[in-house]
Amino acid sequence: MSRYAGPLIDPHHHLWDLSLNRHPWLEARPEAEEMVYGSIEALRRDYLTADYLRDSNRQNIVATVHVEAGWRDDDPLGETLWLEGQADTRVARRLVARVPLAHPDAEARLEAEAARPRVTGIRDIVSWDADPAKRFAPRPGLMSDLGWRHGLKAVTRLGLSFDLMLYPPQMAEAQRLVADFPDTLFVLNHCGSPADRSADGMRLWAEGLRELARAPNVRLKLSDPVAYDPHWTLDSLRAVIRHGIDCFGAERAMFASDFPVTGLHASFDAIYEAFRTIVADLTMDEQAALFFDTANRTYRLGLDRSAFSDSAFSDRIPA
């Protein structure tokens, strides 16, 4: 077995500068607060390009895709303009911007984002749960809402992909959505968010993932598998990751860090060590797809993998 030691694209991470006061969910609150992945207190600090490069410096990252980080709704385009000002051209080379699709000005906001050269995708989180600690969306049923769907039509018209973040109980609704929008490229985030780790919960996730994979316009982001598995082991991650690859195939799946959120439960090196170990038995072409090629195609980075040297990095990766 050989483990991939070539260049990496990280197609899912976040940056923020708390001094900008643009991330309401990260504002300090006097009461104890937890989210679905536990306390977020450790995330209440600036996380800038230099921080990402420090965390990832032992990996061969050649380009990244920044995914919207909950920027304030009253400052449309603000996050994109801020990210365009970052100095390192590897980081945030492509952007998945936030536009609430049911907003009255959604179409104008989408057109403004699409005019920015780095923006290739949109995310409007639909994850909803009756438990407020697990809830990201403002209300249930967004994927069936006619106004929200009108916004998604504009996403498609503008040639943008859509990052889809939901919970397994919403996968049946998502199956209808992706069938109704066959010309939209959907990217399912975070392995499909298997948050309910009970036997029934994992069965619902596994079956829903397999059904979603039947749609050719859906790709899977194998990002932050530790979010809902804080006491993870290599075996527990393997069960989730290999099921995702079995469903979608390497050509429609991609590894991603989701840093700094993943950092709540694993270091950058630990999560990529796990990724490499779990797929070491796959062909090198399949591994290259998971670590580079699928993300390169999905987010239209236009990079030539052969142009990047891996010789300086390969001696750090055990055979």
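From a predicted model like this one, the values you see are computed outputs, not experimental measurements.

**Q** Give me the lowdown on the packing of helix 7 (residues 234–248) against helix 8 (residues 268–278), citing residues and values where you can.
**A** If you want to describe how two helices pack, look at the angle between their axes and the distance between the axes. Across the interface, helix 7 lies against helix 8 with an axial gap of 10 Å and an inter-helix angle of 65 degrees. Between helix 7 and helix 8 lies a crossing of right-handed hand. Of helix 8, the residues touching helix 7 (which contributes L234, L237, R238, I241 and R242) are I271, A274, F275, T277 and I278. Among the residues making up the contact of helix 7 with helix 8, the classes are represented as seven nonpolar, one polar and two charged.

**Q** Please give an account of the layout of surface pockets that cites residues and values.
**A** Of the voids in this model, the second largest pocket is the one considered here, and its volume is about 170 Å³. Taken together, 14 residues line the second largest pocket, and the ones lying closest to its centre are D129, Y167, P168, P169 and D196. A per-class count over the lining of the second largest pocket returns eight nonpolar, three polar and three charged.

**Q** Kindly report on the pattern of salt bridges, identifying the contributing residues and their values.
**A** Once the charged atoms of two side chains with opposite charge are near each other, the side chains can pair. For the coordinates displayed, the defined rule picks out 23 salt bridges. A salt bridge links E68 to R123, with the nearest nitrogen and oxygen atoms 2.9 Å apart. Taken together, the residues span a long stretch of sequence, with E68 in the loop between strand 4 (61–67) and helix 2 (78–84) and R123 in strand 6 (residues 119–123) at a distance of 55 residues. Exposure class is identical for E68 and R123. Each is buried. Across the pair R305 and D293 runs a salt bridge, and its minimum N-O distance is 3.0 Å. Taken as a pair, R305 in the loop between helix 9 (284–298) and helix 10 (311–314) and D293 in helix 9 lie far apart in primary sequence, 12 residues in all. The class of R305 is partly exposed, set by a relative accessible area of 30%. Here the salt bridges share partners, and the residues they tie into one network are D51, R54 and D55.

**Q** How would you sum up the packing of aromatic side chains? Please name residues and give values.
**A** Applying the stated rule across the entire model yields 13 aromatic pairs. Here W16 and W25 contribute two aromatic rings whose centre-to-centre distance is 5.6 Å and whose plane-to-plane angle is 90 degrees, an arrangement assigned as edge-to-face. W16 gets classed as buried once you look at its relative accessible area, which sits at 1%. Taking the centre distance of 6.4 Å and the plane angle of 35 degrees together, the rings of Y272 and F291 count as tilted. Here Y272, found in helix 8, pairs with F291, found in helix 9; they are 19 residues apart in sequence, far enough to count as distant. F291 matches Y272 in its accessibility class, with the two residues each being buried. Taken together, the aromatic side chains of Y4, Y52, F255, F259, F268, Y272, F275 and F291 make up a single cluster linked through ring pairs. It is R276 that lies over the ring of F291; its NZ or CZ is 5.7 Å from the centre.

**Q** Which residues make up the pairing of strand 6, and what are the values?
**A** The buried fraction of strand 6 is high, at five of five residues. With four bridges joining them, strand 5 (residues 94–98) and strand 6 adopt parallel strand pairing. Within strand 6, the position partnered with A97 by the bridge is I122. You can see the chain leave strand 5, run along helix 3 (residues 106–114) and come back into strand 6, and the turn it takes is right-handed. Of the pairings in the sheet, the one linking strand 6 to strand 7 (residues 161–164) comprises three bridges and is parallel in character. Considered in strand 7, the bridge of G121 is made with S161.

**Q** Break down the side chain of S127 for me, with residues and values.
**A** Within the fold, S127 resides in the loop between strand 6 and helix 4 (146–157). For S127, a relative accessible area of 1% translates into the label buried. A polar contact of 3.0 Å, which involves the side chain of S127, links it to the backbone oxygen of M165. A polar atom in the side chain of S127 sits 3.2 Å from the backbone nitrogen of L166. Once residues lying within four places of it in the same chain are set aside, the contact partners of S127 are R135, F136, A137, M165, L166, Y167 and Q170.

**Q** Now, about helix 1 (residues 49–56): what can you tell me, with residues and values included?
**A** Of the positions making up helix 1, those classed as buried are T49, D51, Y52, D55 and S56. In an axial view of helix 1, the angular spread of the buried residues amounts to 160 degrees, which keeps them on one side of the axis. Summarising the contacts, the buried residues of helix 1 are in contact with strand 1 (8–13), strand 4 and helix 8.

**Q** Describe the confidence of the model for the protein chain, with residues and values.
**A** Summing up the model confidence of the protein chain, the mean pLDDT is 93 and the portion of residues at 70 or higher is 94%. In this model, residues 311–319 is a region of pLDDT below 50 whose contacts with residues beyond four sequence positions or in other chains number 15 contacts.

**Q** Got a sec to walk through the environment of L212? Specific residues and values, please.
**A** Counting through the fold element by element, L212 comes out in helix 6 (residues 199–213). Counting along the chain gives 166 residues from L212 to D46, while the straight-line C-alpha distance between them is 36 Å.

Parameters at a glance
- Residues numbered from 1 in each chain as written.
- Predicted model: local features only at pLDDT ≥ 70, side-chain atom pairs only at ≥ 80, totals over all residues.
- Heavy atoms only, no water.
- Axes fitted to C-alpha atoms, helices over the stretch in contact; angles between N-to-C directions.
- Helix = DSSP H or I, 4+ residues; strand = E, 2+ residues; numbered from the N terminus.
- Left-handed = near helix turned anticlockwise from the far one by under 90°.
- Contact = heavy atoms within 4.5 Å.
- Nonpolar A, V, L, I, M, F, W, Y, C, P; charged D, E, K, R; others polar.
- 1 Å grid on protein atoms, 1.4 Å probe; cavity = no way out; pocket = protein on both sides within 12 Å on 5 of 7 lines; lining within 4 Å.
- Points joined across faces, edges and corners; volume = space filled by probe spheres on them.
- Salt bridge = Lys/Arg side-chain N within 4 Å of Asp/Glu carboxyl O.
- Buried < 20%, exposed > 50% of the residue type's maximum accessible area, 1.4 Å probe, protein only.
- Phe/Tyr/Trp six-rings, centres within 6.5 Å; stacked < 30°, edge-to-face > 60°.
- Lys NZ or Arg CZ within 6 Å of the ring centre and 35° of its normal.
- Pairing = 2+ DSSP bridges.
- Right-handed = clockwise from strand over helix to strand, strands pointing away.
- Polar contact = N/O pair within 3.5 Å; in protein donor to acceptor, adjacent residues only side chain to side chain.
- Arc of directions from axis to C-beta.
- pLDDT = per-residue confidence, 0-100.

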